[in-house]
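Secondary and tertiary structure notes
Next come the chains, spelled out residue by residue.
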Amino acid sequence: MARALCANCKAERAVIKRPKNHAKLCKVCFIQVFEDEVHHTITSSKLFYPGEKVAIGASGGKDSTVLASVLKTLNERHGYGLDLVLLSIDEGIKGYRDDSLDTVKRNAVQYNMPLKIVGYDELYGWTMDQVVETIGKKGNCTYCGVFRRQALDRGAKMLGIKHVVTGHNADDVAETVLMNLLRGDLARLSRSTSIVTGDSRSEVKRSKPLKYSYEKEIVLYAHHKKLDYFSTECIYSPEAFRGSARALVKQLERVRPTAILDIVRSGEDVARLVPGEEPSSCACSGQKGAAGLVDDDVGGCGSQNGRTPGGEMAAMDKQLRDNEASEGLEIDVVKTMVEGNAARGEKRDLPIRAGNTSKGAPRQVLGNCKRCGYMSSQEICQACMLLEGLNKNRAKIQI
Amino acid sequence: MGTTDNGNTIDITVDFSGGLEMLFGNQRRHSVSLPAVDSSGKPTNMTFLIDYLCTHLMKDPRVDLFVLDKHIRPGILVLINDADWELEGEETYELQPRDNILFVSTLHGG
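Worth saying up front: this structure is predicted, and the values here are computed from it rather than measured.

1. Observations concerning the overall build of chain A
- Helices and strands together make up the secondary structure of chain A, namely 15 helices and 12 strands.
- In chain A, the share of contacts with a sequence separation of at least 24, taken over all contacts with a separation of at least 6, comes to 69%.
- Accessible surface computed for chain A: about 18800 Å², of which carbon and sulfur atoms make up 52%.

So this is what it looks like as structure tokens:
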């Protein structure tokens, strides 16, 4: 059978057909292109500043392993000057985390990076095994998810690090967009598409450098670079709804591979329509008027080089004012016109059903949890609420 | 060469990774001997192999984690001698002696 040649070097045999554009590439060119695209995402979104300490949320799985490998490569190739650390969470699930933590320990040696493992037991006084013992298998994912979100931030704080990167890929973002669309939760939908989350008020910034990378290419990158990763499935109940969204995304990809990035971009465009949510697409994604948005972008990228803390506070204030301004609209979604400087500020009301907005766009004012001091939009943060319930149950059981 | 036995069988290796090995006795690499032609006399292709794997090699009853609606489940990548099978004709690819076929799942977490 005639072998297709690489569309790039035209010398080697093609081994990859790229989902985003059907380009056929050889192994060497594919690895180069994959890395170049992540570099492009990083530079165009200004994710890092020189000398920044960055923790890589590492699970031992394909995504975080590829992220660690690519960041190490790019940091050296392009002189980012980053101080990279692996940060792993031990949920305390016997027979699930042990093997993947072993993988992370090997990665730490392979990539010559320090590794910090933080356990739910030391952070919360509960392992997930104990949580499941108390509340059963149903609904335990909620606990695990809430705890994990804070665990990475708290682990980073222990290390004196203000930026955590995670291995979320384009498929993950597409799934989340669909899930939030199906739930009617536009506010969360728009937040989930941001490449950077956590704003100037939060102590730890999160970002997703692989946001535009296909899961297929991540797996192929790991395969062709012979990376050491571990695949596992949580032994407790799988997230059924995400599973359905996942299956849907994969089926769409089979019929139309570009669908995944298209869903991500649709999510970004919806984000522009939601009051108080900043647009977050790759700065060069060719959106008309994107340059005009950059000037009065409310920020959210806490570590953007050269941005002063005062500017961040001003941006936060502006965002709060914008939230208040849009509160009066209640049932309307406001789109800031971005066709040009002259048109900026002009608003167009897009009426949508009230039932959706009341649920979908809650006004959020950030403060700190009264119990643990962690950033929260409620008086008591979600983790402390869950812990309160758990601790009551433990008391009951002990009696 | 001599990898075919009287021209009647083809010996290949089949690898599973990304969590799929769990469905095949937790074993990553398998040596598989297939008839060179199927029951209708056509050269053995990927469709034949996938069916063979389900009926002979799979140790897990959850066949739908591997095959869905008679096709490889979306989200499982197939590499034929390290090349994406989309470049090789997918299910119509005719197996050659000493081929290496890799099934790798993208569906499992870390």
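Read on, since the account is not over.
2. Side note on the pattern of salt bridges
Residue and element names in this part refer to chain A.
- Evaluated as defined, the whole model comprises 32 salt bridges over all chains.
- Across the salt bridge formed by Glu217 and Arg18, the nearest N and O atoms sit 2.8 Å from each other. Separated by 199 residues along the polypeptide, Glu217 in helix H9 (residues 215–224) and Arg18 in the loop between strand E1 (16–17) and strand E2 (24–25) bring together distant segments of the chain. Across this residue pair, the class does not change: Glu217 and Arg18 are buried.
- For Lys392, the salt bridge identified is with Glu388, shortest N-O distance 3.6 Å. Pair noted here: Lys392 and Glu388 are both in helix H15 (residues 382–398), with a separation of 4 residues, about one helical turn.
- Using a relative accessible area of 53% as the deciding quantity, one classes Lys392 as exposed.
- Taking the relative accessible area as the measure of exposure, Glu388 reaches 32% and is therefore partly exposed.
- In this structure, a network of salt bridges that share partners links the residues Lys62, Asp63, Asp171, Glu175, Glu215, Arg242, Arg246 and Lys250.

3. Re the packing of aromatic side chains
- All told, the structure shown has 12 aromatic pairs over all chains when counted by the stated rule.
- Both rings, one in Phe16 of chain B and one in Phe103 of chain B, keep their centres 5.6 Å apart while their planes meet at 15°; by these two values the pair is stacked. Taken together, the residues Phe16 of chain B in strand E1 (residues 9–17) and Phe103 of chain B in strand E7 (residues 100–105) connect sequence positions 87 residues apart.
- Judged by its relative accessible area of 0%, Phe103 of chain B falls in the buried class.
- On the basis of an interplanar angle of 70° and a centroid distance of 5.2 Å, the ring pair of Phe66 of chain B and Phe103 of chain B is categorised as edge-to-face. Residue Phe66 of chain B is found in the loop between helix H1 (46–57) and strand E3 (67–68), and its partner Phe103 of chain B is found in strand E7; the two are separated by 37 residues along the sequence.
- Ring-pair connections join several aromatic residues into one group, and the members of that group are Tyr120, Tyr124, Tyr143 and Phe147 of chain A.

4. A look at the confidence of the model for chain A
All names here are of chain A.
- Of the residues in chain A, 74% have a pLDDT of 70 or more, and the chain-wide mean is 80.
- With pLDDT under 50 throughout, residues 324–345 is counted as low confidence; its partners more than four residues away or in other chains account for 42 contacts.
- Low pLDDT (under 50) marks residues 354–361, which in the prediction has 11 contacts with non-local residues, meaning those over four places away or in another chain.

5. Description of the pairing of strand E5 (residues 115–119) of chain A
Residue and element names in this part refer to chain A.
- As paired elements, strand E4 (residues 83–90) and E5 share 5 bridges and run parallel to each other. For Asp90, the partnering residue across the bridge sits in E5 and is Gly119.
- After leaving E4, the chain enters helix H3 (residues 97–110) and then returns to the sheet as E5, a path that is right-handed.

6. Describing the sheet that holds E7 of chain B
- Read across the sheet, 5 strands follow the order E2-E1-E7-E5-E6 (chain B) without closing on themselves; strand pairing throughout is mixed. At either end of the open sheet lies a strand with only one pairing partner, and these are strand E2 (29–35) and strand E6 (83–84) of chain B.
- In terms of strand pairing, strand E5 (residues 76–80) of chain B meets E7 of chain B through 5 bridges, oriented antiparallel. Note on E7 of chain B: the bridge partner recorded for Ile76 of chain B is Ser105 of chain B.
- Against the sheet, H9 of chain A touches E5, E6 and E7 of chain B, its axis set at about 45° to E5 of chain B.
- Along the sheet, H1 of chain B makes contact with E1, E2, E5 and E7 of chain B, crossing E2 of chain B at roughly 115°.

7. Quick notes on the interface of chain A and chain B
- Counting residues at the interface gives 28 residues for chain A, matched by 26 residues for chain B.
- On the chain A side of the interface with chain B, the three residues burying the most area are Lys216, His223 and Arg254 of chain A, jointly 21% of the side's total.
- Along the contact surface separating chain A from chain B lie 4 salt bridges.
- Close ionic contact of Arg13 of chain A with Glu88 of chain B constitutes a salt bridge, the shortest N to O distance being 3.6 Å.
- Remark: the boundary between chain A and chain B carries 8 residue pairs in polar contact (both at pLDDT 80 or more).
- Elements with a contribution of two residues or more to the side of chain A that touches chain B: E1, H9 and helix H10 (240–255) of chain A.
- A class-by-class count of the residues in the side of chain A that touches chain B yields 9 nonpolar, 7 polar and 12 charged.

Each value, and the rule that gives it
For every chain, the first residue of the written sequence is number 1, and numbering continues from 1 onward in sequence order. Each chain is given a letter, starting from A, and each ligand a number, starting from 1, according to the order in which they appear as written. For this predicted model, a pLDDT threshold of at least 70 governs which residues receive local features, and a threshold of 80 or more governs which side-chain atom pairs are given and counted, while totals over whole chains, interfaces and linings are taken from all residues. To obtain the side-chain values, all non-hydrogen atoms of the structure were used and water was disregarded. Going along the chain from the N terminus, every DSSP run of H or I of four or more residues is numbered as a helix, and every run of E of two or more is numbered as a strand. Here, residues are in contact when the closest pair of their heavy atoms is within 4.5 Å. The Shrake-Rupley method, run with a 1.4 Å probe, gives the accessible areas here. Residue values count only the displayed protein chains as cover. Take a side-chain nitrogen of Lys or Arg and a carboxyl oxygen of Asp or Glu: if they are within 4 Å of each other, that pair is a salt bridge. Relative accessibility decides the category of a residue: with a 1.4 Å probe and only protein chains considered, values under 20% of the type maximum give buried, values over 50% give exposed, and everything between is partly exposed. Two rings belonging to Phe, Tyr or Trp (six-membered ring only in the last case) form a pair when the distance between their centres is within 6.5 Å. Interplanar angles under 30 degrees mark stacking, angles over 60 mark edge-to-face geometry, and anything in between is tilted. The pLDDT value expresses, per residue, how confident the predictor is, ranging between 0 and 100. Strand pairing requires that DSSP identify at least two bridges connecting the strands. Orienting the strands away from the viewer, one traces the path from the first strand over the helix to the second; a clockwise path indicates a right-handed crossover. Every axis in this analysis is a line fitted to C-alpha atoms, fitted for helices over the stretch in contact. Angles between the N-to-C directions lie between 0 and 180 degrees. Buried area: the accessible surface (1.4 Å probe) lost by two parts on joining, summed over both. Within 3.5 Å is the distance limit for a polar contact, defined as a pair of N or O atoms, with the added protein rule that one can donate a hydrogen and the other accept it, and that residues adjacent in sequence qualify only through two side-chain atoms. Charged residues are taken to be Asp, Glu, Lys and Arg, nonpolar residues to be Ala, Val, Leu, Ile, Met, Phe, Trp, Tyr, Cys and Pro, and polar residues to be all remaining types, Gly included.

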